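Coordinate inspection notes
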Amino acid sequence: GDFTLHGVTKPITLDVTFNGAGENPFSKKPMLGFSAKSSIKRSDFGINQSIPMVGDDVTLTIEAEMQKKQ
């Protein structure tokens, strides 16, 4: 998908893992879980300040839990 940072939009690919499905023990509603990871370079988005003292590579980690809408 497209990722926008600092006013710059570039395509990125996320490595997605399906963590499972089940019932929420409190709401009793169906739930799904996913994890996703990707890496970007700050410099690709125009953020060059403090390179190389601050690393250019950034790892994006997303943890998501989704509940079925009733």
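Numbering of residues starts from 1 in each chain and follows the order in which that chain's sequence is written. Residues qualify for local features only when their pLDDT is at least 70, as the model is predicted, and side-chain atom pairs are given and counted only at 80 or more; totals for whole chains, interfaces and linings, by contrast, use all residues. Note: side-chain values were computed over all heavy atoms of the structure, leaving out hydrogens and water.

This part takes up unusual backbone geometry. Omega for the peptide link from Ile51 to Pro52 comes to 15°, which places this bond in the cis form. Numbering of helices and strands starts at the N terminus; helices are DSSP runs of H or I of at least 4 residues and strands are runs of E of at least 2. With respect to the secondary-structure elements, Pro52 resides in the loop between strand 4 (30–41) and strand 5 (57–67). Positive phi is not limited to glycine here, since Lys28 has a value of about 65°. For Lys28, the position within the fold is in the loop between strand 3 (15–23) and strand 4. Think of it in three bands: with a 1.4 Å probe and only protein chains considered, a residue is buried below 20% of the maximum accessible area for its type, exposed above 50%, and partly exposed in between. We classify Lys28 as exposed; its relative accessible area is 52%. Not every positive phi belongs to a glycine, and Ser50 is a case in point at roughly 70°. Relative to the assigned elements, Ser50 resides in the loop between strand 4 and strand 5. Ser50 gets classed as partly exposed once you look at its relative accessible area, which sits at 30%.

Bear in mind that shape data such as this cannot, by itself, settle questions of function.
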